[in-house]
Amino acid sequence: MIELGHAPRRSTGFLVILASFIALDLLSWPIFFSYYLFVFADRSNFLNLDYLLDQHLRLGVDTYYQYGLIPVFLQHVLFSLFGGGYWPLIGCTIAVLILMAMFWARIVWWVSNRWLSIVAVIAISPLLLIVNPNLPYSLVQLSMLFALLFLVEGRSDIALAVAAIGTFCVPSLPLLLTGLLAIYAVAEWWVNSERSISLLARKLAPGVLTYVLLVVGLSLFFGVRSVLATALPLLGTKVYYGEGKFDYDDLITFLHPRGHSSLYYVGYYVVTPATWWMLSTVGLVILAVFALMAMIRRGRVDPKYAAVIICAIVQIFFAVFAYRGDGQHTIYDPITAAGMLLGLWLVPAPRWRSSLLILFTLIGVGAQAAQARQTLWAWQNTHPSALTANLYAEPEYAPQLAHILKIAETQKVLMMSNATGVHHYYPSLRSADTWFLVDTQMFPADHARVLANIRDADVVVEDTAHVPYFTDRDPEIQSQLRSMCLTEVTRDFQIWWRHPPSSVECKINQRKTASILSATAKK
């Protein structure tokens, strides 16, 4: 029998956590192999970057791109070795799973090495592991988590180097973490009895050297201007905060979605991560204050206490300044959980320590109910087929795509989808030559290429599964579409012909497009 207070072997903890992560992916198989996520979501856009590179477009210079260049380089290497598509990315996901299990096993070993901590990690594993992650954010998670791990292990120099890698994956919170680790390294040096410049240089050298080598290496492959454009969050800041735009709509929608009954909110706070996230944020701040007070009393810096403080600062910064997009908390939930686990095991009273950890775990278990329901829905309503690249898709997709592909046998068909990599899975279709079909994520050159794509097409298929704000609201795009004939409106697509068959009657576009919005505004 396993006794929760006893210590397992180090390898046992890793194998048990790894088995639980594998079980999670197996239980989530339709999401792991989701057609929508790979073909009509962000993974598709990221795949398309490889095609944009083939056109000799410089990322962040000739075409809009706001993430870091390491994920693009890694994807390019994988596609060169194993071919494009979702299988190399699946391989990355499996590698991430193994590394995440290694991290949690090692953090448990350093913090408590008790079965109770391992059970807690397993119980909240859906909050710690994204089943079908987007490659850039997988690398962000790994770099931030392992940087914290090295800090806890007393290797602040290595932690700084690992965090620096994350800044070239997505230049956002990894930059903050890198700065905080640099401050810690300086503070650690300052309280050292041997306060020499050479010691400080040794502490900072791995991080500085890693950063410089990455700048040089990425510049050789992508060009200096691409590295300069993507090394800082300047482009992303323009998207989220351009023209004085600053609001908390996305965060409020997560914490308290508007327009529902009291009964709905009761269920919402029980079965979604909102309650776990709010309590973890508050708890992390409280634990960080205790950690800071403990270091002040002792008169020295402690890597475990510092890790809790750093996690709290990152979480507060994320909540106040960086929460943008639906469900974005899932990217940083593992960092929040790691900070809480560290902080709870630093509580001086063992009885309170175990009780708080159990409470933290139980709230986390309840937070997974909505995800479990979504997974069950995917098992019941999605199925693989040859037409969906053997990925799990809703049954409506296959006949719609079969019809579109039939048209593409004789016509030049442009798929106007925000997912710009659809053409990889359906080579007879063409996609827009840009990263995203979003007006704030396009340079004028991107916009010009999209217009050229439309003019060159015989048939334009408009993806309406998600509201196509760009095509609906862009006057020049609407002008092009109005010169064509809308022949079909299906559940997920609208099909426009430049020269429709004589037997087809043109339909009226019922969507609220730029021309309709303009006419409404004049009334």
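Structure first, text after, so check above.
Residues numbered from 1 in each chain as written. Predicted model: local features only at pLDDT ≥ 70, side-chain atom pairs only at ≥ 80, totals over all residues. Heavy atoms only, no water.

Engineer: Would you explain the overall build of the protein in this entry?
Structural biologist: What the protein contains, in helices and strands, is 27 helices and seven strands. Against the compact-globule benchmark of 24 Å for 523 residues, the protein has a radius of gyration of 25 Å, which places it among compact chains. With the principal axes as the frame, the protein shows a C-alpha extent of 85 × 55 × 50 Å. Residue pairs in contact within the protein that sit at least 24 positions apart in sequence constitute 71% of those at least 6 positions apart. About 23,900 Å² of surface is accessible on the protein, with carbon and sulfur atoms providing 65% of the total. Taking the 36 positively charged and 33 negatively charged side chains of the protein as two groups, their mean positions are separated by 9 Å. (Helix = DSSP H or I, 4+ residues; strand = E, 2+ residues; numbered from the N terminus. Rg over C-alpha atoms; globule rule 2.2 N^0.38 Å. Contact = heavy atoms within 4.5 Å. Areas by Shrake-Rupley, 256 points an atom, 1.4 Å probe, with all protein chains shown as cover. Lys, Arg positive; Asp, Glu negative; His and termini not counted. Charge placed at Lys NZ, Arg CZ, Asp CG, Glu CD.)

Engineer: Can you walk me through the pairing of strand β5 (residues 459–463) in this structure?
Structural biologist: The side chains of a regular strand alternate between both faces of the sheet. Summarising burial for β5: five of the five residues are buried, a large majority. Side chains Val 459, Val 461 and Asp 463 project from β5 onto one buried face, and the interleaved Val 460 and Glu 462 project onto a second face that is buried too. In this structure, strand β3 (residues 413–416) lies alongside β5, joined through four bridges in parallel fashion. Bridging from a neighbouring strand, Val 413 pairs with Val 459 of β5. Across five bridges, the pairing between β5 and strand β7 (residues 493–497) is antiparallel. Across the sheet, residue Val 459 finds its bridge partner in β7, namely Trp 497. (Buried < 20%, exposed > 50% of the residue type's maximum accessible area, 1.4 Å probe, protein only. Pairing = 2+ DSSP bridges.)

Engineer: Honestly, the side chain of Glu 188 in this entry has me stumped. Any pointers?
Structural biologist: With respect to the helices and strands, the residue Glu 188 is situated in helix α11 (residues 173–190). A distance of 2.9 Å separates the side chain of Glu 188 from the side chain of Ser 156, its partner in a polar contact. Beyond its immediate chain neighbours, meaning those up to four positions away, Glu 188 contacts Ser 156, Lys 203 and Val 301. (Polar contact = N/O pair within 3.5 Å; in protein donor to acceptor, adjacent residues only side chain to side chain.)

Engineer: What is the right way to read the sheet that holds β3 from this model?
Structural biologist: Adjacent strands of a sheet pair through backbone hydrogen bonds, lying either parallel or antiparallel. Here five strands make up an open sheet; going across it, the order is β4-β3-β5-β7-β6 and the pairing mixed. One side of each edge strand has no neighbouring strand; the edge strands of this open sheet are β4 (429–431) and β6 (485–489). The average angle at which neighbouring strand axes cross in this sheet is 30°, direction not considered. Against the sheet, helix α24 (residues 444–456) touches β3, β4 and β5, its axis set at about 140° to β3. (Axes fitted to C-alpha atoms, helices over the stretch in contact; angles between N-to-C directions.)

Engineer: Before we go on, may I ask you to explain the pattern of salt bridges in this structure?
Structural biologist: Proximity of charged atoms lets side chains of opposite charge pair with each other. Across all of its chains, the model carries 13 salt bridges by this definition. We note a salt bridge from Asp 157 to Arg 155, for which the minimum N-O separation is 3.2 Å. On the basis of relative accessible area, Asp 157 is assigned to the buried category, the value being 17%. What emerges from the salt-bridge pattern is a single network uniting Glu 394, Glu 396, Arg 491 and Asp 492. (Salt bridge = Lys/Arg side-chain N within 4 Å of Asp/Glu carboxyl O.)

Engineer: I'm lost on the packing of helix α9 (residues 135–152) against helix α18 (residues 303–322) in this one. Help?
Structural biologist: Helices that pack against each other are described as a pair by the angle of their axes relative to one another and the distance between those axes. Between α9 and α18, the least distance of the axes is 8 Å, while the angle of their chain directions is 155°. In terms of orientation, α9 and α18 fall into the roughly antiparallel class. Counting all contacts with α9, which are made through Met 144, Leu 148, Leu 151 and Val 152, the residues of α18 involved are Pro 303, Lys 304, Ala 306, Ala 307, Ile 310, Cys 311 and Val 314. Each residue belonging to the contact of α9 with α18 can be placed in one class, and the counts come to ten nonpolar, no polar and one charged. (Parallel < 35°, antiparallel > 145°, perpendicular 65-115°, else oblique. Nonpolar A, V, L, I, M, F, W, Y, C, P; charged D, E, K, R; others polar.)

Engineer: Is there a simple way to explain the packing of helix α17 (residues 274–298) against α18 in this structure?
Structural biologist: Viewed as axis vectors pointing N to C, α17 and α18 meet at an angle of 140°, and their least axial separation amounts to 8 Å. When the axis of α17 is compared with that of α18, the two are oblique. At the point where α17 passes α18, the crossing takes the left-handed sense. Contact residues: Trp 277, Thr 281, Leu 284, Val 285, Leu 287, Ala 288, Ala 291, Leu 292, Ala 294, Met 295 and Arg 298 in α17; Tyr 305, Ala 306, Val 308, Ile 309, Cys 311, Ala 312, Gln 315, Ile 316, Phe 318 and Ala 319 in α18. Split into classes, the residues belonging to the contact of α17 with α18 amount to 18 nonpolar, two polar and one charged. (Left-handed = near helix turned anticlockwise from the far one by under 90°.)

Engineer: Would you mind going over the packing of aromatic side chains with me for this structure?
Structural biologist: For any two aromatic rings, the description comes down to two numbers: the centre-to-centre distance and the angle of the planes. Overall, the coordinates contain 39 aromatic pairs when judged by the stated rule. Ring plane angle 45° and centroid distance 5.1 Å describe the contact between Phe 317 and Phe 321, whose orientation is recorded as tilted. Placement of both Phe 317 and Phe 321 in helix α18 is noted, with a separation of four residues, approximately one turn of the helix. According to the relative accessible area criterion, Phe 317 is partly exposed, its value standing at 34%. A relative accessible area of 40% means that Phe 321 is categorised as partly exposed. Among the aromatic residues, those joined into a ring-pair cluster are Phe 46, Tyr 64, Tyr 65, Tyr 67, Tyr 137, Trp 435, Phe 436 and Phe 443. (Phe/Tyr/Trp six-rings, centres within 6.5 Å; stacked < 30°, edge-to-face > 60°.)

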